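Secondary and tertiary structure notes
For reference, the chains in residue letters:
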Amino acid sequence: MGQLKPLISLGTQILKHKITRKRAPIFLCIFLTNKCNLRCKYCFVIDETIPKEILNAEYTKEEIIEIIDEFYEMGTRLIFLLGGEPLVHGDIDAIVDHIVGKGIYLQILTNGILIEKKLETIKKAHAICVSLDGREDVNDAMRGKNVYRRAVKGIRIAKEAGVPTRVHAVISRHNLENPEELLSICKKLDVPLTIAPSCHLGKTTDPAFMISREEYQEFWEKYLALAKDSEGIGSIISNSAQAIRKCRDWPIDYHRYITTDEVFDDYEPAFCPPTVTYTGLSATGKMFVCMNLGIDKGPDVRKLGVRQAWKMLPEYRPNCVSCASINYIEVSMLLSLNPGIILSGLKLHFRKLLSGLKK
Ligand SMILES: C[S@@+](CC[C@H](N)C(=O)[O-])C[C@H]1O[C@@H](n2cnc3c(N)ncnc32)[C@H](O)[C@@H]1O
Ligand code: SF4
């Protein structure tokens with residue numbers, strides 16, 4: 001029940017924002033390091049046009065602790081630690097201790113390779129999210145040889161240690177047509193699953209991500225039907241049905257966003273929280289609007305400090321209203337205390353309890 005207190009503190013902070021309407025970075029994604037022990041095909045870490053110093057960028061323990069303290073004072077109550085691979089950071093244990101010690105809800109996003117080695121650290125986080133894109137050959141085509149086996153081992157170890165664990169998959173041509181397969185794997189592992197298409201907003205040239213709006217529509221329709229099958233493999237889906245519908249009904253090209261001057265008769269865009277209640281920090285010290293717009297564009301917290309960077313952040317948001325990213329649609333729902341998303345969150349933490357109540 002150690003999860004309950006930070007979740008209540010997070011809920012209180014969201015309510016406070018709902019009443020005051022004041023901007024506050026309640027949810028913060030930290031790219032702790034750009035270093036990684038893998039080379040996944042869709043990830044920025046393999047981009048050869050990125051200079052070496054950026055690919056090796058990371059925060060020192062002292063730096064990030066000071067930054068987190070400032071964010072906390074400004075209202076941050078939910079942190080996702082990612083990167084790169086957060087578990088390769090030499091001071092990950094002290095950083096986790098600091099975040100959790102402040103009563104901030106912490107989720108670590110990991111490729112799973114170092115779970116066994118860093119188990120004592122992982123046990124202190126409120127939850128972890130392990131990447132897995134499909135069956136062994138599908139996953140390893142995107143994420144590298146033997147990665148499936150090692151990630152699954154990590155998931156089993158984390159679960160056995162009682163760490164609330166979910167799986168996250170990136171949608172590509174390799175797994176688009178067979179979501180059932182991924183669901184069966186997660187069902188066997190007994191872990192909830194979230195999925196999201198790759199985020200490039202039109203910049204990718206990899207054919208594995210050249211997926212049309214119609215293909216995505218078909219995919220979301222199928223995924224929605226599976227999500228409704230709450231007794232079968234669909235019970236493992238942790239994306240909300242409401243968010244899946246928003247993605248299925250997306251009215252324009254998948255890699256474009258809706259602008260402030262666009263109105264659609266049959267599509268109501270979800271309110272998108274970046275710059276209002278959400279932000280991220282790249283490993284190079286940039287405060288960014290959202291991952292889809294690029295993580296290295298934004299005010300520099302090292303130069304300006306957290307408060308000034310947060311003040312300036314809206315200047316970096318283009319005229320976007322919403323995009324087709326299920327991640328951000330769900331963040332939006334979470335930060336407006338949507339009951340469907342709250343239930344998914346509770347399921348991750350109180351799975352055994354909730355399934356016991358169902359029986
Ligand atoms: C950037 S990784 C960092 C954490 C950790 N290294 C991992 O792989 O889980 C966080 C998540 O983003 C996903 N990801 C990486 N590149 C992506 C892209 N271009 N579009 C969408 N998701 C991506 C990864 O598969 C992973 O689930
Ligand atoms: S493990 Fe994560 S950070 Fe590393 S290359 Fe893969 S997606 Fe990127």
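Description of the structure in this document. Counting from 1, residues in each chain are numbered in the order their sequence is written. Here the convention is simple: chains get letters from A, ligands get numbers from 1, in the order in which they are written. At least 70 in pLDDT is required for a residue's local features to be given in this predicted model, at least 80 for side-chain atom pairs to be given and counted, and no such filter applies to totals for whole chains, interfaces and linings, which use all residues. In computing side-chain properties, one takes all heavy atoms of the structure into account and sets aside hydrogens as well as water.

We now examine the site of ligand 2. As a matter of local geometry, ligand 2 sits amid Cys36, Leu38, Cys40, Cys43, Val45, Gly84, Asn111 and Arg143. Put simply, Ala, Val, Leu, Ile, Met, Phe, Trp, Tyr, Cys and Pro go in the nonpolar bin, Asp, Glu, Lys and Arg in the charged bin, and everything else, Gly too, in the polar bin. Looking at the shell around ligand 2, its residues break down into 5 nonpolar, 2 polar and 1 charged. Nearness is judged by heavy atoms alone; a residue qualifies as near a molecule or strand once a single heavy atom is within 4 Å of it.

Bringing the site of ligand 1 into the picture now. For ligand 1, the set of nearby residues contains 17 residues, the closest of which are Tyr42, Gly84, Ser131, Arg143 and Cys199. Within the contact set of ligand 1, a nitrogen atom lies 2.9 Å away from a backbone nitrogen or oxygen of Tyr42. Each accessible area value is a Shrake-Rupley result obtained with a 1.4 Å probe; residue values ignore everything except the protein chains displayed when judging cover. When the free accessible area of ligand 1 is taken as 540 Å², the share hidden by the protein chains comes to 87%. Taken together, the residues that form the shell around ligand 1 break down as 7 nonpolar, 8 polar and 2 charged. Pairs of N or O atoms within 3.5 Å make up the polar contacts considered here, provided that, within protein, one atom can donate a hydrogen while the other can accept it, and that residues adjacent in sequence are counted only when both atoms are side-chain atoms.

Turning to the environment of Asp97, a few remarks are in order. Here Asp97 lies in helix 4 (residues 92-101). Looking at Asp97, the relative accessible area reads 38%, which means it is partly exposed. Note: C-alpha distance between Asp97 and Pro314 (217 residues apart in sequence) is 31 Å. Within polar-contact distance, the side chain of Asp97 engages the side chain of Lys124 at 3.1 Å. Where helices and strands are cited, they refer to DSSP runs of H or I of at least four residues and of E of at least two residues respectively, numbered from the N terminus. Here's how the labels work: a residue is buried when its accessible area is under 20% of the maximum for its type, exposed when over 50%, partly exposed in between, all with a 1.4 Å probe on protein chains only.

Next up on the list: the packing of helix 9 (residues 213-228) against helix 10 (residues 241-248). Put simply, helix 9 and helix 10 touch, their axes get as near as 9 Å, and they point 160° apart. Between helix 9 and helix 10, the angle falls in the class roughly antiparallel. Seen along the crossing, helix 9 lies across helix 10 with a hand that is left-handed. The residues of helix 10 that touch helix 9, namely those facing Gln217, Trp220, Glu221, Tyr223, Leu224 and Ala227, are Ala241, Ile244, Arg245, Cys247 and Arg248. Orientation is described by axes fitted as lines to C-alpha atoms, over the contacting stretch for helices, and by angles from 0 to 180 degrees between their N-to-C directions. By the definition adopted for this analysis, an angle is roughly parallel if under 35 degrees, roughly antiparallel if over 145, roughly perpendicular if from 65 to 115, and oblique otherwise. Each crossing gets its handedness from the near helix: less than a right angle anticlockwise from the far helix is left-handed, clockwise is right-handed. Whether two residues are in contact is decided by their heavy atoms, any of which lying within 4.5 Å being enough.

Before going further, it helps to spend a moment on the pattern of salt bridges. Salt bridges, as used here, are contacts in which a Lys or Arg side-chain nitrogen is within 4 Å of a carboxyl oxygen on Asp or Glu. Per the counting criterion, the structure on display carries 16 salt bridges. Among the ionic pairs, Lys102 bridges to Asp69, the shortest N-O distance being 2.9 Å. Taken together, the residues Lys102 in the loop between helix 4 and strand 3 (105-110) and Asp69 in helix 3 (residues 61-73) connect sequence positions 33 residues apart. Among the residues examined, Asp69 registers a relative accessible area of 25% and is labelled partly exposed.

Before going further, it helps to examine the nonpolar core. Here, the term nonpolar core denotes a set of buried Ala, Val, Leu, Ile, Met, Phe, Trp, Tyr and Cys residues that are joined through side-chain atoms within 4.5 Å. Core analysis: the largest hydrophobic core is formed by 103 residues, its most contacted members being Leu81, Leu193 and Trp220. With sequence-adjacent residues up to four places away left out, Leu193 is seen in contact with Val167, Ala169, Leu182, Leu183, Cys186, Tyr223, Ile236, Ile237, Ser238 and Asn239. Cys40, Ile113, Val147 and Ala208 belong to the second-largest nonpolar core, a separate cluster that totals 9 residues.

Nothing here speaks to function; it is all geometry.
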